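Each chain is listed here by its residues.
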Amino acid sequence: AQSVSQHNHHVILSEAASLELGCNYSYGGTVNLFWYVQYPGQHLQLLLKYFSGDPLVKGIKGFEAEFIKSKFSFNLRKPSVQWSDTAEYFCAVNPKAAGNKLTFGGGTRVLVKP
Amino acid sequence: NAGVTQTPKFQVLKTGQSMTLQCAQDMNHEYMSWYRQDPGMGLRLIHYSVGAGITDQGEVPNGYNVSRSTTEDFPLRLLSAAPSQTSVYFCASNRDRVGPGGGYTFGSGTRLTVV
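Quick caveat, the model's predicted, so the values are computed rather than measured.

Colleague: Could you give an account of the pattern of salt bridges, with specific residues and numbers?
Modeller: Counting across every chain of the model gives 7 salt bridges over all chains. Taking the shortest distance from any N to any O, the salt bridge between A:Glu64 and A:Arg77 comes out at 3.5 Å. Highlighted residues: A:Glu64 in strand S8 (residues 64-68) and A:Arg77 in strand S9 (residues 73-78), separated in sequence by 13 residues. Among the salt bridges present, the one from B:Arg36 reaches B:Asp38, with a minimum N-O distance of 2.9 Å. For B:Asp38, a relative accessible area of 10% puts it in the buried group. Salt bridges sharing common partners tie together A:Lys58, A:Glu64, A:Glu66 and A:Arg77.

Colleague: Mind laying out the layout of surface pockets, listing which residues take part and the relevant values?
Modeller: Empty space among the atoms becomes apparent when a probe as large as a water molecule is rolled across them. Roughly 610 Å³ of volume is contained in the largest pocket. When contributions to the lining of the largest pocket are tallied by element, the ones reaching two or more residues are strand S10 (87-95) and strand S12 (108-113) of chain A together with strand S4 (31-38), strand S9 (87-94) and strand S11 (110-114) of chain B.

Colleague: Run through the interface of chain A and chain B, naming residues and quoting values.
Modeller: Where the parts come together, the accessible area they lose is often given as the size of the interface. On the chain B side, the residues contacting the 19 residues of chain A number 23 residues. Taken together, both faces of the contact between chain A and chain B bury some 1600 Å²; the carbon and sulfur share is 58%. Of all residues in chain A, the largest losses of buried area upon contact with chain B belong to A:Asn100, A:Lys101 and A:Phe104, amounting jointly to 36% of the total for that side. Our count for the contact surface shared by chain A and chain B stands at 0 salt bridges. Among the secondary structure elements, those contributing two or more residues to the side of chain A that touches chain B are strand S5 (31-38), strand S6 (45-50) and S10 of chain A. Looking at the side of chain A that touches chain B residue by residue, the classes come out as 8 nonpolar, 8 polar and 3 charged.

Colleague: Break down the environment of A:Gln38 for me, citing the residues and quoting the values.
Modeller: Relative to the helices and strands, A:Gln38 resides in strand S5. Overall, A:Gln38 belongs to the buried group, its relative accessible area being 11%. Between the C-alpha atoms of A:Gln38 and A:Asn94, which are 56 residues apart in sequence, the distance is 19 Å. Setting aside residues up to four positions removed in sequence, A:Gln38 forms contacts with A:His43, A:Leu44, A:Ala87, A:Glu88, A:Phe90, B:Gln37 and B:Phe90. Of note is the side chain of A:Gln38, whose polar atom sits 3.0 Å from the backbone oxygen of A:Gln42.

Calculation criteria
Along each chain, the written sequence defines residue order, and numbers are assigned to residues from 1. To read the labels, note that chains go from A and ligands from 1, taken in the order they are written. Whole-chain, interface and lining totals are the exception, using all residues; otherwise, since this is a predicted model, local features are given only for residues with pLDDT of at least 70 and side-chain atom pairs are given and counted only at 80 or more. To get the side-chain values, take all heavy atoms of the structure and skip hydrogens and water. The salt bridge definition used is simple: a Lys or Arg side-chain nitrogen within 4 Å of an Asp or Glu carboxyl oxygen. The helix count covers DSSP runs of H or I at least four residues long, the strand count covers runs of E at least two residues long, and both are numbered beginning at the N terminus. For each residue, the accessible area found with a 1.4 Å probe, counting protein chains only, is set against the maximum for its type, and the residue is called buried under 20%, exposed over 50%, and partly exposed in between. A pocket, in this scheme, is an open set of points on a 1 Å grid over the protein atoms alone with protein on both sides within 12 Å along at least 5 of 7 lines, while a cavity is a set where a 1.4 Å probe fits but cannot get out; residues line either one if an atom lies within 4 Å of a point. Grid points are joined across faces, edges and corners, and a volume is the space filled by probe spheres set on the points. Pairs of residues are marked as contacts when any of their non-hydrogen atoms sit within 4.5 Å. Buried area: the accessible surface (1.4 Å probe) lost by two parts on joining, summed over both. Residue type decides the class: Asp, Glu, Lys and Arg count as charged, Ala, Val, Leu, Ile, Met, Phe, Trp, Tyr, Cys and Pro as nonpolar, and the leftover types, Gly among them, as polar. For this analysis, a polar contact is any N or O atom pair within 3.5 Å, provided that within protein one partner can donate a hydrogen and the other can accept it, and provided that sequence-adjacent residues contribute only side-chain to side-chain pairs.

Any link to function would need more than the numbers given here.
Here it is, written out as C-alpha cells:
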C-alpha cells in the first residue's frame, strides 16, 4: 500500500532560522502533491500544491516546496521562520489513478521560539 | 459563504452510545470525505462520496456509516462508540468529483471523546 512519510515528528527552531521538512512517498505512478498547515486549534489549510510543470512550487506565507521525482520526495522549505509559523505541517499525496483520495503523512509539529 | 461546517465541535460519549457528526458545505462541491486525526498518524480517510447517492469506504471505515442524500450534507454515524474512536474528526470537500483540483476545504473539526 502507498504511504507518505514525514521523518521529523517535532522540530524546534528560533525565529529567523531556516526550515526544511521532509516528505517521501512510496507510490510509483503519477502523483499530485500537497502541503497543508494546521495552526493550533484550527483546521487544515492548503499551503501549496504541485500538479505538474516546474518542480519548485511557491505557496503562501513564504513557503516553497521542491518535487524531486527520482527521490519520491516533496520537501517543504522556508528561508526565515516567524513565531506565527508554529503549527503542524502535513504532506499529502494524491495518485492520479486514485481519483480524489489524499493520503496524508503523520505530520510534523513545528515550534518556533521567539 | 460558510465553506464546510461541522457540528458539534466537542462531544463526549459513553461506550456503546451512537451519534451522528454533521457536515455541510455550501460550495456545491461534488466530493466530500471524512478523516480522523490521531497523534503521529496524520489524517486517515474513513469514508468518502463523489456525489449524492454515492459513498465508498476509505482506509478505516469500521464502526462508521455514512450517507449522501444531498450534495450539501455528508453525516458520519458512529454505530456503537468505542474508546478507540476517540479522535478529532474532519470533514473535507472538493469541487471536483475525480481529482483534488485546488485542494480540499476542511471543516473546523469535531473533537470526540469516548469514555
